[in-house]
Amino acid sequence: MQHVRTRSGHVIGDGGIREAGTARPFLHVLADTSDKLSGVCSILEEKFTVAGERLDADSKLSQTPAAIVIRAELRDVDNIAAIKKRAGKLAKARKRIFLLEHTSHVCISQAYALGATLVLPSTVGRTRLLAALTDPADGVSAASGDTLQPDSAVEAAATAVASMFTAVTLCQPLDVNGTKEAGRQIADRITQHGLTEWLMTVRRHHEGTYQHCLLVTGITIDFGLSLGVGRADLERLYSAAMFHDIGKARIPLAILDKPGRLDAAERAQIETHPTAGYEFLKDHDGISREILDAVRHHHEYLDGSGYPDALCGESIGDIVRILTISDIFAALIEHRHYKPTMPRAEAYDVLCGMNGKLEKALVHSFKQVALTR
Ligand SMILES: [Fe+2]
Ligand SMILES: [Fe+2]
């Protein structure tokens, strides 16, 4: 294979760095072609000590890196196999950024299933890539590289969400029990460590629809705990939350991740997701009537102004009411790279201003979840 000498003088491609590293954080770069490898390395060398190798080479990089950046075509099974072969090494890096050529749901799901902590399009700008690696909230620099272990609870939950979306995209049966189990683990985590820790961890590690699902599930669980619901109801709540946006797997990412306002046609397309999710789930064993109701109706409002069925008042069930409040709050406080994160107090004020749409007593009860828990 071709060796590439980086601008900082390190030889990459044969698995070793030939020069002692500096105090700068140490990164690995993996790529499926030499061009991609040298392209990514040349960006990262501005701020990091970098060693890289092609995925088709024998893995020789030995030093544990602070982060791994992988740029590869994930529709190629050989690349997937090569990344899987390096799974042990990947798991030791706290941050694993995948740069994807094709940002389809399948490729994104695949990246998360392979252990990505962040997935970005390969066209991502230099500034964004460096920010993802140097952002203090991401902890790569601050953690001196390899001292922090990957967060297995978040990884497991994210992988369950990724598998769920892949199943819809590929029209394959869903692992209903696996998804519910991931919800149960989130409930355990929040019971033990609280909601704030979950929100911070998820926002630090994930983007887009996966982040949203994980946040909504956590918030719904904490809302249920604060209301004192029993174990069976808590299971209904986290299951509904895990599945609620599954229909988004049918919506193009260009719409889902569009910065700024959607036009009328895009909005109409996004509003098909509750029905799409319902249609996909309705023939699955283990999906209860309440879950189906929540998936189909989590965008309905008490005043009849929601979609897809313009339900109002009493025809909207309790689980749906709790989920809808949690869903709106999660959407407001999400971390998106193109907009600042809204503070929790401000997001709660938005809920309070939605007169007639949400149940007033529930919004009032949600205050402690939103602000203090
Ligand atoms: Fe939704
Ligand atoms: Fe949602």
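Anything mentioned here points back to the structure above.
Chemist: Help me understand the coordination of the iron ion (ligand 2), please; the structure alone is not making it clear to me.
Modeler: When four donors bind a metal tetrahedrally, each ideal donor-metal-donor angle is 109.5 degrees, and when six bind octahedrally, the ideal angles are 90 or 180 degrees. Distances from the iron ion (ligand 2) to its protein donors, His212 (NE2), His244 (NE2), Asp245 (OD) and Asp327 (OD), fall within 2.2 Å. Around the iron ion (ligand 2) sit four donor atoms; with metal-centred angles ranging over 80 to 169 degrees, the donor geometry is irregular. Look at where the donors of the iron ion (ligand 2) fall in the sequence and you get H-x31-H-D-x81-D. For the pair the iron ion (ligand 2) and the iron ion (ligand 1), the metal-to-metal distance amounts to 3.4 Å, and Asp245 bridges them. Remark: Asp327 occurs in helix 15 (residues 318–333) and Asp245 occurs in the loop between helix 10 (231–243) and helix 11 (253–256); sequence separation between them is 82 residues.

Chemist: Quick question: what am I supposed to make of the packing of aromatic side chains here?
Modeler: The relative placement of two aromatic rings is captured by the distance of their centres and the angle of their planes. One pass over the full model with this rule turns up three aromatic pairs. Pairing Phe165 with Tyr210 gives two aromatic rings, centres 5.6 Å apart and planes at 70 degrees, and the pair type is edge-to-face. In this pair, Phe165 sits in helix 6 (residues 152–169) while Tyr210 sits in helix 9 (residues 208–227), placing the two residues 45 residues apart along the sequence. In terms of burial, Phe165 and Tyr210 fall into one category: buried. Ring plane angle 80 degrees and centroid distance 5.0 Å describe the contact between Phe329 and Phe366, whose orientation is recorded as edge-to-face. Taken together, the residues Phe329 in helix 15 and Phe366 in helix 17 (residues 360–371) connect sequence positions 37 residues apart. Here Phe329 and Phe366 have matching classes, each one buried. Among the aromatic residues, those joined into a ring-pair cluster are Phe223, Phe329 and Phe366. The ring of Tyr278 carries the charged tip of Arg296 above its face, separated from the ring centre by 4.9 Å.

Chemist: Could you clarify how one ought to interpret the nonpolar core in this entry?
Modeler: When a protein is soluble and globular, its nonpolar side chains tend to lie buried together. Of all hydrophobic cores here, the largest spans 94 residues; its most connected members are Leu74, Phe98, Leu174, Phe243, Leu281, Leu351 and Phe366. Counting contributing residues per domain, this core is built from domain 1 (4–138) and domain 2 (152–371), each supplying no fewer than three. Excluding its chain neighbours within four sequence positions, the residues that come into contact with Phe243 are Met164, Leu174, Val176, Thr179, Lys180, Leu281, Ile287, Ile291 and Val295. Residues Val50, Ala66, Leu120 and Leu133 belong to the second largest nonpolar core, which totals 21 residues.

Chemist: Just checking my understanding: could you explain unusual backbone geometry for this structure?
Modeler: Residues apart from glycine generally show negative phi values, whereas peptide bonds are mostly found in trans. The peptide bond linking Tyr307 to Pro308 adopts the cis configuration, its omega dihedral lying at 5 degrees. With respect to the helices, strands and loops of the structure, Pro308 is situated in the loop between helix 14 (289–297) and helix 15. For Ala310, which is not glycine, the phi dihedral falls at a positive 45 degrees. The residue Ala310 is located in the loop between helix 14 and helix 15 in this model.

Criteria and thresholds
Residues numbered from 1 in each chain as written. Chains lettered and ligands numbered in written order. Predicted model: local features only at pLDDT ≥ 70, side-chain atom pairs only at ≥ 80, totals over all residues. Heavy atoms only, no water. Donors = N, O, S within 2.8 Å, 3.2 Å for Na, K, Ca; no water. Tetrahedral: all angles 85-135°; square planar, octahedral: opposite > 155°, others 65-115°. Helix = DSSP H or I, 4+ residues; strand = E, 2+ residues; numbered from the N terminus. Phe/Tyr/Trp six-rings, centres within 6.5 Å; stacked < 30°, edge-to-face > 60°. Buried < 20%, exposed > 50% of the residue type's maximum accessible area, 1.4 Å probe, protein only. Lys NZ or Arg CZ within 6 Å of the ring centre and 35° of its normal. Core = buried A, V, L, I, M, F, W, Y, C linked by side-chain atoms within 4.5 Å. Domains from an automatic or database assignment. Contact = heavy atoms within 4.5 Å.

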